[in-house]
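Fold and geometry: a report
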Amino acid sequence: MPSITRGYTTPLYILPFDHRASFERGLFGWTGTLTVEQVARISAAKRVIYDGFAAAVAGGVSKENAGILVDERFGVDILRDAGQGGYITCAPAEQSGQEEFDFEFGAEFARHIEAFAPTFAKVLVRYNPEGDAAMNRRQSARLRRLSEYLDRSPSQHLFELLVPATPAQLHGLGGDPLAYDRELRPSLMVRAIHELQEAGVEPDVWKVEGLDRRDDYVEIAEAARRDGRCNVGCIVLGRGENEQHVQQWLATAASVPGFIGFAVGRTTFWEPLVAFREEKITRDAAVTEVARRYRRWVNVFEEGQ
């Protein structure tokens, strides 16, 4: 049985920009080993996002609920600054861009978590209950190891669950990804949570993909909080969707007990960063736009409660 003391119930508004592969290849179009200058450019782009986050807090977003999720490689100075500044900090523990979860720093994962002592250690995991069973078992074993470590750590456990469709599932729905999201993914998410819990994986907060129906959010929250896990929280991720869709997801989730906030990244920062990279807007304008979008998500979520 899980410890009923685990969990996190305070409102949690995360701006995630721990993306690594998507910054290298997607934002800048770089492949291969990065140069020192390229690493510096990615770090500078992430600083634009962080400055937008700080501007939003200065503009009225509650500091005690505001958090960032950023990686050690490109955001080491940001992690340190945010921690010293009293913000909620989250750092990823997974290798970026991999289909199968494994630790970014292998057996040294604990040392890296302890070096920064983030509020949350985060993992992104692709887990479909009807997918590769052997891979699911391997992932679960690694994730249990992390969960048991974090149960003894000052850092809490933030679990980002993605449930990508298998080819067979998509084929059964006529190849329609929207039909998968609506008709099949919600029940698979519940099954995935149950299976991971049974495997000994016990997050404090589940970070889940957006859902269109309130009843689906209710079932996710019930799964996350079953069998004594009454303090476990859920937050909604943005998945790079447009502003309107993200707002719909947040407004719906906000009305469901157990959903405490969100983690919306690319929808917040991608367009401003691209415009800044192409010199269509100034750095200050990019910072201002990141702040506006992040503040908008907070307002939508709080108005929906």
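Parameters at a glance
- Residues numbered from 1 in each chain as written.
- Predicted model: local features only at pLDDT ≥ 70, side-chain atom pairs only at ≥ 80, totals over all residues.
- Heavy atoms only, no water.
- Axes fitted to C-alpha atoms, helices over the stretch in contact; angles between N-to-C directions.
- Helix = DSSP H or I, 4+ residues; strand = E, 2+ residues; numbered from the N terminus.
- Parallel < 35°, antiparallel > 145°, perpendicular 65-115°, else oblique.
- Left-handed = near helix turned anticlockwise from the far one by under 90°.
- Contact = heavy atoms within 4.5 Å.
- Nonpolar A, V, L, I, M, F, W, Y, C, P; charged D, E, K, R; others polar.
- Phe/Tyr/Trp six-rings, centres within 6.5 Å; stacked < 30°, edge-to-face > 60°.
- Buried < 20%, exposed > 50% of the residue type's maximum accessible area, 1.4 Å probe, protein only.
- Lys NZ or Arg CZ within 6 Å of the ring centre and 35° of its normal.
- Pairing = 2+ DSSP bridges.
- Right-handed = clockwise from strand over helix to strand, strands pointing away.
- Core = buried A, V, L, I, M, F, W, Y, C linked by side-chain atoms within 4.5 Å.

**Details of the packing of helix α10 (residues 266-277) against helix α11 (residues 283-304)**
Interaxial distance between α10 and α11 falls to 9 Å at its minimum, and their mutual angle equals 165°. It follows that α10 is roughly antiparallel to α11 by the angle criterion. Note that α10 runs across α11; the crossing there is right-handed. Judged by residue contacts, T267, T268, F269, E271, P272 and F276 of α10 engage R283, A286, E289, V290, R293, Y294 and W297 from α11. Here the residues of the contact of α10 with α11 are counted per class, giving seven nonpolar, two polar and four charged.

**Regarding the packing of aromatic side chains**
Tallying each qualifying case throughout the model produces 18 aromatic pairs. Between Y50 and Y87, the ring centres sit 6.3 Å apart and the planes meet at 90°, which makes this aromatic pair edge-to-face. In this pair, Y50 sits in helix α2 (residues 36-58) while Y87 sits in the loop between α3 (72-84) and β3 (88-92), placing the two residues 37 residues apart along the sequence. Judged on exposure class, the residue Y50 and its partner Y87 are both buried. Seen in terms of ring centroids, F159 and W206 are 4.9 Å apart; in terms of plane orientation they differ by 50°. Their pairing is tilted. With F159 in strand β5 (residues 156-162) and W206 in strand β6 (residues 205-208), this residue pair connects regions lying 47 residues apart in the sequence. One aromatic cluster is present, formed by Y13, Y50, F53, Y87, F262, Y294 and F301 through successive ring pairs. Positioned over the ring face of F23 is K46, at 4.7 Å from the centre of the ring. The side chain of K63 reaches across the aromatic face of Y87, ending 5.1 Å from its centre.

**Some details on the pairing of β6**
The alternating pattern of β6 places V205 and K207 and W206 and V208 on opposite faces, both of which are buried. Bridge count for β5 against β6 is four bridges, and the pairing is parallel. Bridge pairing in β6 places E160 opposite K207. Direction of pairing for β6 relative to strand β7 (residues 233-237): parallel, over a ladder of four bridges. Bridged to V208 within β7 is V236. The parallel pair β6 and β7, bridged by helix α8 (residues 214-224), forms a crossover whose chirality is right-handed.

**Some remarks on the environment of K122**
For K122, the location among the structural elements is in strand β4 (residues 120-126). Judged by its relative accessible area of 1%, K122 is buried. Linking K122 and A110, residues 12 residues apart in sequence, is a C-alpha distance of 12 Å. Those residues in contact with K122 that sit more than four places away from it in its chain are D18, L69, A91, P92, A93, E94, L158 and E160.

**Considering the nonpolar core**
Counting 84 residues, the largest nonpolar core has W206, F259 and Y294 as its most contacted members. With nine residues, the single largest contributor to this core is α11. For F259, the residues in contact, after removing those within four places along its chain, are V208, Y217, I220, A221, C234, I235, V236, A253 and F301.

**Here we look at the sheet that holds β3**
Around the barrel, which closes on itself, the eight strands sit in the order β1-β2-β3-β4-β5-β6-β7-β8 with parallel pairing between neighbours. For this sheet, the mean inter-axis angle between neighbouring strands, taken without regard to orientation, is 25°. Here β3 pairs with β4 via three bridges, running parallel. From the neighbouring strand, A91 faces β4, where its bridge partner is A121.

Any functional reading would require information that these geometric values do not contain.
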